[in-house]
Amino acid sequence: MITCILASLTGAVVMPNSVMAAEALDNTAQRDYAIPVGRLGDALAQFAAASGVPLSFDPQMLSGLSSKGLQGRYSVRAGFSRLLAGSGYELVAGNGGYSLRRIAAEGGPVTLPPLTVSTASLKQGTAEEGYRVSNISGIGLWGERSLRDTPYSISVVPSDLIENINAQNMGQIFKMNPLTQEPMIQNFTGTPHVTIRGFPTLNPIYDGIPMAGVNGSAVSVIEIDRVEILSGTSGFLYGGGRVGGAINYVTKSPTDVPLRRLTFGNYGGTQFYGHADISGKFDNRGRFGYRANLLYQGGDTAIGEPVDQKVANVVLDWHVTDTLYADIKYTYNDYSKEAIQPFYYMTERISIDTSKRYSPKWTSNDIESHKAYTSLRWDPTKYFTLRSAFFYQDTRMRVNQISLNQQVDRTFIPVRISNSPWEKHENYGGYIYLDTRFSTFAVDHKLTLGYSSTLYDYFVRGNGPVSRSGTSLSLDELKNLPEPDWGASFGNEPLSSVWVDRYDNVLIGDAITFNDQWSAMVGLNYATTANKRGGFYGDSSYEKSALTPSVSLLYKPIEEVTTYVSYMEALEKGTIVGNTYANRGTVFPPLVSKQYEVGLKYDISPNLLLSTALFRIEKANQYSDLATPIPSYVQDGLQVHNGVELVLTGKITDNLTIMGGSTLMDIGVEKSNNPALEGKKPTNAASRMGKIYAEYALPWVPGLSLTGGIYYTGERYADAANTDKIPSYTLYDIGARYTTRVLDKALTVRLNVINLTGKDYWQNDYTLGTPRTVAFSISTMF
């Protein structure tokens, strides 16, 4: 057994001896608590950390027990009594702290064996819980919060689900999620381009740090603990961009309980892989933790694209004191793929067989990434918390890609054969936040002050990509196309910076609790967006700032239900007007988009959450006024997206788990430089989606679960005039999972068939969909 003290996540100082522990428990003073509905073990650990009571217990002994949470003002003893009511357990003192004792019907009470539980390492979203997550790791400056009591539309994809569907990349996850459109499968940047609420969401977020650029921000599924999908405008939270939503990749941390797991499998075709996940503590007190994830993948995809990938992810953490925590994370990712599918620019939207490979093997996509992250959290008192983090990523990348133009006779011309010599992409990011907790009369506040900044620097050789063109050919002839001569100087020029993006945010936010039912979250972000260009982009610079507010009001009519209304703004870079316009050189102010949202979240049971939201997003436009003889470039008009979302996640019954929902939108351009485009729908935005993933544990075959999903994406348009319609499509997945024990070690076997019917479809206007793919894996502890 590991024996150490609960790490405080809310500013509580852990009591060093039994006298002080007893004083904490017997303190009759009341304070406000907001412990969410969920597992009983999670609730007890969070309450103990918040109240400053050292508590030790074995979480396995509480497996299957749920808690209704704790909302309102309680003394420490009353809070424990409320949480343990009806559980069959009671609190007992001993060894300078407290443990749990089972209340037996006969033979007297039974004391549970001690095992330290850290709220930071309590895993949520397991398959046994129906992938239901109670808390989010943090959202912007707000920090860790109850998912139900966060006034934004959020869906969380935990690592258990990522593993159980044999996801090779995050594209499979976004295909399944009812809030996101399936992104293109090409891996040029290492991170999917996700569309949320009809808007592209390009720049990712890592462990709460927003990135200024998507290029070079490579991510591997083996380093991910969960993916937090925010649907909706997030300018106040993360600064510039992200009008439709934000994707936060939360990476793995060391576990309190030793973990030794090996997984061997196949992602489809001959793509065999091996993955090791090892974690634990270096010392008996549990102060120093480690985790390592290693992956090797090699072979051909289901359509014969050679893939080679090596990933190493190493994490170290240190509980310096009971109130000071620090960690450092490093990830190396080396990815290579040949014969990558071409881009298609269609004059007639026809169906193309996705089960074939069309590109020659010399087309390729290569990424080599080094990523480092460090964070620190200090809780000097229960009134103050200091949080900070820093991120750096250095990525080398090259792409050799064919773009095809369709001809009238349905042949294709390789209008652009582009080869990028090794480029360099650097991403920097960081934040520092100070939380203060205080009360004004009967109103509680958590006031947060902070600063975040992120920078992206793009380096190319010479004038960047080199392009060639070809002659008309059929798709079947394309794979025999010889590689062009790229010239003697190709790849030999020195690297130079040609594009720099920077976002700075000065933030203040106040989470206000009026009483058990009413609360509010208000804040301001003084956001700055800057850009500097050089080289073949031309020399120019841009820097503008704006104040973006956010206001949310929450109301809980009953304990299990939270309703909210919210308003938020998003900032985007304005344009530096080019030389072809009468107002050339004009630097436009930032574009400010606005979002209005009304939502409801309902804990139907501890492991089943229903979320729904109504929203309206107004995005400003920029366009040419087409004036003669010389047009001007203007900032005017709106693109409006109205919609409703519904998501249901968790266990319907003890045996049935679902993750599903739908998005319905009315989207259109309200003003444009071309009146014929007014009322048209924006490109690559599906106004209807409906998706459901389900698992059923067969009661008559212990350990065996059947899995499957149905995913519908509505029609979209590839052009602004809405003449090129991308057809709707429905995909079907099936699978099975079997868990047992062999030689007293846990063993899990997984089988998944992706795109069961082999549906030919378009992921977006120029990329084909995923072919039928069979993936399987075997995981075992050692």
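Along each chain, numbering runs from 1 in the same order as the chain's sequence is written. Side-chain atom pairs in this predicted model are given and counted only at pLDDT of 80 or more, local residue features only at pLDDT of at least 70, and totals for whole chains, interfaces and linings cover all residues. To obtain the side-chain values, all non-hydrogen atoms of the structure were used and water was disregarded.

S.K.: So what exactly am I meant to see when it comes to the overall build of the protein chain here?
M.R.: Counting its regular elements, the protein chain contains seven helices and 44 strands. Residues counted as buried form 57% of the 782 residues belonging to the protein chain. By definition in these notes, contact holds between two residues if any of their heavy atoms fall within 4.5 Å. Counting contacts in the protein chain only where the partners sit at least 6 residues apart, residues at least 24 apart contribute 67% of the total. Split by element, the accessible area of the protein chain, about 30,800 Å² in all, is 58% carbon and sulfur. A run of H or I in DSSP becomes a helix once it reaches four residues, and a run of E becomes a strand once it reaches two; helices and strands are each numbered from the N terminus. For the exposure calls, accessible area comes from a 1.4 Å probe over protein chains only, and a residue counts as buried if that area is under 20% of its type's maximum, exposed if over 50%, partly exposed in between. Only the protein chains shown count as cover for residues, with accessible areas throughout obtained via the Shrake-Rupley method and a probe of 1.4 Å.

S.K.: How do you make sense of helix α2 (residues 40-51) when you look at a structure like this?
M.R.: Residues that lie three or four places apart on an α-helix share one face, since the helix turns once every 3.6 residues. In a regular helix each residue adds 1.5 Å, so twelve residues correspond to 16 Å; α2 covers 16 Å between its end C-alpha atoms and thus fits that length. A large share of α2 lies buried, amounting to twelve of its twelve residues. Looking one or two places after α2, you find Gly52, whose phi comes out positive at around 80 degrees. One fewer than the residue count of a helix, multiplied by 1.5 Å, yields its expected span.

S.K.: Would you mind going over the packing of aromatic side chains with me for this structure?
M.R.: Pairing of aromatic side chains requires ring centres within 6.5 Å, counting the rings of Phe and Tyr and the six-membered ring of Trp. Pairs whose planes differ by under 30 degrees are stacked, by over 60 edge-to-face, and all others tilted. Scanning the model with the defined rule gives 19 aromatic pairs in all. Ring geometry for Tyr431 versus Tyr433: centroids 4.8 Å apart, planes at 20 degrees, classification stacked. We note that Tyr431, like Tyr433, is buried. The ring of Trp762 is capped by Arg349, whose NZ or CZ atom sits 4.5 Å from the centre of that ring. Placement of a charge over a ring requires the Lys NZ or Arg CZ to be within 6 Å of the ring centre, with the centre-to-atom vector within 35 degrees of the ring normal. We note Lys424 situated over the ring of Phe459; from NZ or CZ to the ring centre the distance is 5.5 Å.

S.K.: What am I meant to see in the environment of Phe459 here?
M.R.: With respect to the helices and strands, the residue Phe459 is situated in strand β28 (residues 443-461). Classification of Phe459 as buried rests on a relative accessible area of 16%. Here the alpha-carbon distance between Phe459 and Trp499, two residues 40 residues apart in the chain, equals 7.4 Å. The residues contacting Phe459, other than those within four sequence positions of it, are Glu423, Lys424, Glu426, Leu495, Ser496 and Ser497.

S.K.: I keep staring at helix α3 (residues 76-84) and nothing clicks. Help me out?
M.R.: Taken as a whole, α3 has its buried residues at Val76, Gly79, Phe80, Leu83 and Leu84. Relative to the axis of α3, the buried residues are bounded by an arc of 120 degrees and lie together on one face. Directly after α3, the chain includes Gly86, whose backbone phi takes a positive value near 80 degrees. Here, the arc refers to the directions that run from the helix axis to the C-beta atoms.

S.K.: How should the pairing of strand β31 (residues 518-533) be read in this particular structure?
M.R.: Moving residue by residue along a regular strand, the side chains alternate between the two faces of the sheet. Inspection of the sheet shows strand β30 (residues 495-513) paired to β31 by 15 bridges, in the antiparallel sense. The residue bridging Asp504 from the neighbouring strand is Thr528, located in β31. When DSSP finds at least two bridges between two strands, those strands are taken to pair. The turn linking β30 back onto β31 is made up of four residues. As judged from the 16 bridges shared by β31 and strand β32 (residues 540-555), these two strands associate in the antiparallel manner. Bridge pairing in β32 links Thr529 to Lys544. A loop of six residues connects β31 with β32, the two strands running antiparallel in sequence, and Gly535 in this loop sits at a positive phi of about 65 degrees.

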